[in-house]
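Residues per chain, in single letters:
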Amino acid sequence: MDKQFRKTVIAGNWKMNMTPSAASAFIKTLAPMVADADCEVVLCVPAIDIPAAVDAAKGTNIHIGAENVHFEEKGAYTGEISADMLVDAGVEYVIVGHSERRQYFAETDETVNKRTKAALSRNLKTIVCVGETLTQREQGITEETVSLQTKIALGGVTEEQMKNIIIAYEPVWAIGTGKTATADQADEVCGIIRGVIAGLYGEAVAKATTVQYGGSMNAKNAAELLSKVNVDGGLIGGASLKTEDFTVIVKNG
Ligand code: PGA
């Protein structure tokens, strides 16, 4: 399972942080710092920041993503944003099924699957988040939990569409807590996810699919996490709000 077959993707997830003007200033500062990156550099930003972020990232190697997408094409869904709208605004990536969406906004494995398919239907590169809670880890059901989440999220996704899928393994207990999974724990579960993909689509697809780790990845622990054979990048919250810290992570990608 050699890393050379897949892309390393370092993606920031700003969550509900940064105004449009702050986003623009941040990206203009960051761009020269990451210009020589060997990995794919992505910033997933709040919906209202997208036009400013896309504009600021023009001509740079920074790709802009959204933090969510609705599953319907259009219609009476007040407050929601469709895949078409994201694509038209210049968005290339989208996060689906983040644990905060699952926890605070009643996302289920089924709606994550619907959003994934809607994003893929418009060729958005889709970062699907999976991960166990602390209770689930303590009960010894991490493997079952992430396997089930991955399988349901990918229901109806074709082998061809897998080219646009990234899975982010984000243990819920490590998000925003300062508690990082050890590099071995991250490697183990990213490997389990790759095994699930192999079971669904075969070894070649599994080998080519990017599986990120997310959860308190920072400038200090990134090198060790990213050195692991099954960890093909990171989904980074807190540390993606600081240009220096995010740059260190990118340089390790
Ligand atoms: P964190 O967030 O890096 O702040 O833990 C990661 C995420 O939620 O994607």
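Structure: see above.
The present account deals with the structure reproduced in this document. (Residues numbered from 1 in each chain as written. Predicted model: local features only at pLDDT ≥ 70, side-chain atom pairs only at ≥ 80, totals over all residues. Heavy atoms only, no water.)

Re helix α2 (residues 50-57)
Now for step 1: With six of eight residues buried, α2 is to be regarded as a mostly interior element.
Now for step 2: Every buried residue of α2 is listed here: I50, A52, A53, V54, A56 and A57.
Now for step 3: Buried residues in α2 make contact with α1 (20-33), β2 (40-45), β3 (62-66) and α3 (83-88).
Now for step 4: Just past α2, the residue G59 takes up positive phi, approximately 80 degrees. (Buried < 20%, exposed > 50% of the residue type's maximum accessible area, 1.4 Å probe, protein only. Helix = DSSP H or I, 4+ residues; strand = E, 2+ residues; numbered from the N terminus. Contact = heavy atoms within 4.5 Å.)

Quick look at the sheet that holds strand β8 (residues 233-236)
Now for step 1: Spatially, eight strands are ordered β1-β2-β3-β4-β5-β6-β7-β8 in a closed barrel, and the strand pairing comes out parallel. With direction set aside, neighbouring strand axes in the sheet form an average angle of 25 degrees.
Now for step 2: In this structure, strand β1 (residues 9-13) lies alongside β8, joined through four bridges in parallel fashion. From the neighbouring strand, I10 faces β8, where its bridge partner is G234.
Now for step 3: Together, β2 and β3 form the strand contacts of α2, whose direction differs from that of β3 by roughly 170 degrees.
Now for step 4: Contacts from helix α5 (residues 109-121) reach β4 (93-96), β5 (125-130) and β6 (165-169), with the element oriented near 165 degrees to β5. (Pairing = 2+ DSSP bridges. Axes fitted to C-alpha atoms, helices over the stretch in contact; angles between N-to-C directions.)

Describing the pattern of salt bridges
Now for step 1: Scanning the model with the defined rule gives 14 salt bridges in all.
Now for step 2: In this structure, E80 engages R115 in a salt bridge whose closest nitrogen and oxygen atoms are separated by 4.0 Å. Taken together, the positions of E80 in the loop between β3 and α3 and R115 in helix α5 put the pair 35 residues apart, joining distant regions of the chain.
Now for step 3: A residue is classified by how much of its surface remains accessible, and R115, at 8% relative accessible area, is buried.
Now for step 4: Connected through salt bridges with shared partners, the residues R6, R194 and D232 form a single ionic network. (Salt bridge = Lys/Arg side-chain N within 4 Å of Asp/Glu carboxyl O.)

Thoughts on the site of the ligand
Now for step 1: In the neighbourhood of the ligand, 13 residues make up the surrounding shell, with K15, H98, E170, G176 and S216 lying closest.
Now for step 2: Note that an oxygen atom of the ligand is positioned 2.7 Å from one of the backbone N or O atoms of G176.
Now for step 3: Between G238 and the ligand, the recorded distance is 2.9 Å, taken from a backbone N or O atom to an oxygen atom.
Now for step 4: Alone, the ligand offers 290 Å² of accessible surface; in the complex the protein occludes 95% of this.
Now for step 5: Here the residues of the shell around the ligand sort into four nonpolar, seven polar and two charged. (Near = heavy atom within 4 Å. Polar contact = N/O pair within 3.5 Å; in protein donor to acceptor, adjacent residues only side chain to side chain. Areas by Shrake-Rupley, 256 points an atom, 1.4 Å probe, with all protein chains shown as cover. Nonpolar A, V, L, I, M, F, W, Y, C, P; charged D, E, K, R; others polar.)

Some thoughts on the nonpolar core
Now for step 1: Of all hydrophobic cores here, the largest spans 66 residues; its most connected members are I27, L43, I62, I64, I193, I197 and Y213.
Now for step 2: Within the second largest apolar cluster, eleven residues are counted, among which are V42, I166, A168 and L235. (Core = buried A, V, L, I, M, F, W, Y, C linked by side-chain atoms within 4.5 Å.)

Digging into the layout of surface pockets
Now for step 1: Taken as a whole, the largest pocket encloses approximately 580 Å³ of empty space.
Now for step 2: Around the largest pocket, the lining is made up of 23 residues, and of these P46, E67, N68, R101 and F105 lie nearest the centre.
Now for step 3: Top contributing element to the lining of the largest pocket by residue count: helix α4 (residues 99-104), with three residues.
Now for step 4: Partitioning the lining of the largest pocket into residue classes produces twelve nonpolar, six polar and five charged. (1 Å grid on protein atoms, 1.4 Å probe; cavity = no way out; pocket = protein on both sides within 12 Å on 5 of 7 lines; lining within 4 Å. Points joined across faces, edges and corners; volume = space filled by probe spheres on them.)

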